[in-house]
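Coordinate analysis (summary)
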Amino acid sequence: MPRIKLIAGNWKMYKTPDQTRDFFHHFLPLVTHHDRDEILICPPFVDLHAALESAEGTNVMIGSQNIHWANEGAFTGEISPLVLQAIGVTHAIIGHSERRQYFGETDDTVNLRLKNALEAGLTPIVCVGEVLEEREAGLTEDVLRRQCTRAFHKVSTKKADKLVVAYEPVWAIGTGKTATPQMASDAHALIRGEAAQTFGHEFADKLRILYGGSVKPENAKALMSEPEIDGALVGGASLEPKSFAAIVHY
Ligand code: PGA
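All of these numbers come straight from a predicted model, not from anything done at the bench.

Neighbouring strands of a sheet are bound in pairs by backbone hydrogen bonds; such pairs are parallel or else antiparallel. Pairing is parallel in the closed barrel, where eight strands are placed in the order 1-2-3-4-5-6-7-8. For this sheet the average axis-to-axis angle between neighbouring strands, irrespective of direction, equals 25 degrees. Here strand 5 (residues 123–128) runs beside strand 6 (residues 164–167); their pairing, made up of four bridges, is parallel. Bridging from a neighbouring strand, valine 128 pairs with tyrosine 167 of strand 6.

In C-alpha cells form, the structure reads like this:
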C-alpha cells in the first residue's frame, strides 16, 4: 500500500494569534478539496487555540512544536501531552535540530518525549539530521544511526504505530541549501533500515519519513517524487499561505 504523504508546516517562533487566523483565512480556500496528502500546521503554543478554531472541520490538522515527557509536574515552561490532546492537537514535533542546538535537547530526552507522545496517542514527528561538519567528515550515516537507535530505544512496535520521522539535514535548514533528492533518498533509506532493525520490516515499510530543509514550491515536486520521501517538514515557506499551498499541491 502506498504511504500517504504528510505535508507539515513548522512555524517556529513566528505569528501572533491574529496572524494565525489571517493565515488560515487565506490558506484554507487554497487546499479545500485536497485529499491526496495529509496537511499539518505546527504553530507556536500560544497560537494553537486560534489555529484549532480556524481549522476546525477542515482537512488541516494542528500539531505542536514540542511536547514534555511527563503528563504533569514541576516542569516550568514545558507543555503536557495531555493538555495538547485535550485541546485537539494531534501531532507533535520532537527533537527538532533547533531544540537540540539551542535548548539542550539530547537523544535521550527525544526518546523520553517520544515515548510519552505515543502513550498519549499523539502522532510524533521525530527529527534527525546531521550538521555540516558531520556530513563533510563522512559521519552522516553514523549520526543518523545513533539518533534513530537512541530515539527508538525501548519503544515497542505496537506502541510506535503512529511514528513519523523527519530527516532534516541541519545545514539545509533555513539556509536555502536543499539536499538533492538523491541525498535525501539515501538518508531516508538508511533511516528506514534502522526502523526495520528496531520495529521489523513490515513496520518500516509503512513508516513515513519526511524531508525537511529549505523545501520550497520550486523544489517540492522533485523531492516528493522520490519513492523514499513521504512528505515534507517545511519551515520558512509554510508561513505564507500561497507558498505553503503550492508545496501541498507540488
Ligand atoms: P526551513 O525549515 O524549511 O525554513 O529550512 C525546516 C525546519 O526547520 O523544519
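Let's shift gears to the state of the cysteines. Throughout this description, disulfide means a covalent bond between two cysteine sulfur atoms. As enumerated under the stated definition, the model contains zero disulfides in all. We note that cysteine 127 lacks a disulfide partner, and the nearest cysteine sulfur, in cysteine 42, lies 9.3 Å from it. Exposure remark for cysteine 127: the relative accessible area of 2% places this residue in the buried category.

So, about the site of the ligand. The environment of the ligand is made up of 13 residues, and the closest members are Lys12, His96, Glu168, Gly174 and Ser214. Note that an oxygen atom of the ligand is positioned 2.7 Å from one of the backbone N or O atoms of serine 214. One of the backbone nitrogen or oxygen atoms of glycine 235 is found 2.8 Å away from an oxygen atom of the ligand. In isolation the ligand has 290 Å² of accessible area, and contact with the protein removes 97% of it.

Membership of the largest hydrophobic core comes to 65 residues, with the highest contact counts inside it found for Phe24, Phe27, Val60, Phe152, Leu163, Tyr211 and Phe244. Top contributing element to this core by residue count: helix 8 (residues 181–199), with seven residues. Setting aside anything within four residues of it in sequence, one finds phenylalanine 24 in contact with Trp11, Pro29, Ile41, Ala51, Ser54, Ala55, Val60 and Ile62. Judged by nonpolar contacts, the second largest core, of 11 residues, contains Leu6, Ile125, Val164 and Ala166.

For the rest of this paragraph, the subject is the packing of aromatic side chains. Tallying each qualifying case throughout the model produces nine aromatic pairs. On the numbers, 6.2 Å between centres and 50 degrees between planes, the contact of tryptophan 11 with phenylalanine 24 is tilted. Note that tryptophan 11 is positioned in the loop between strand 1 (6–10) and helix 1 (17–31) and phenylalanine 24 in helix 1, a separation of 13 residues in sequence. Of the two residues, tryptophan 11 and phenylalanine 24, both sit in the buried class. Judged by centre distance (5.1 Å) and plane angle (50 degrees), the ring pair of phenylalanine 152 and phenylalanine 199 falls under tilted. On the criterion of sequence distance, the pair formed by phenylalanine 152 in helix 7 (residues 140–152) and phenylalanine 199 in helix 8 is long-range, its members being 47 residues apart. Neither phenylalanine 152 nor phenylalanine 199 differs from the other in exposure class; each is buried. Aromatic ring contacts, followed pair by pair, group Trp11, Phe23, Phe24, Phe27 and Phe244 into a single cluster. Sitting over the ring of tryptophan 11, lysine 15 keeps its end group 5.2 Å from the ring centre. Directly above the ring of tyrosine 250 sits arginine 36, whose terminal nitrogen or CZ lies 3.8 Å from the centroid.

The rules we used
Residues numbered from 1 in each chain as written. Predicted model: local features only at pLDDT ≥ 70, side-chain atom pairs only at ≥ 80, totals over all residues. Heavy atoms only, no water. Pairing = 2+ DSSP bridges. Helix = DSSP H or I, 4+ residues; strand = E, 2+ residues; numbered from the N terminus. Axes fitted to C-alpha atoms, helices over the stretch in contact; angles between N-to-C directions. Disulfide = S-S within 2.5 Å. Buried < 20%, exposed > 50% of the residue type's maximum accessible area, 1.4 Å probe, protein only. Near = heavy atom within 4 Å. Polar contact = N/O pair within 3.5 Å; in protein donor to acceptor, adjacent residues only side chain to side chain. Areas by Shrake-Rupley, 256 points an atom, 1.4 Å probe, with all protein chains shown as cover. Core = buried A, V, L, I, M, F, W, Y, C linked by side-chain atoms within 4.5 Å. Contact = heavy atoms within 4.5 Å. Phe/Tyr/Trp six-rings, centres within 6.5 Å; stacked < 30°, edge-to-face > 60°. Lys NZ or Arg CZ within 6 Å of the ring centre and 35° of its normal.

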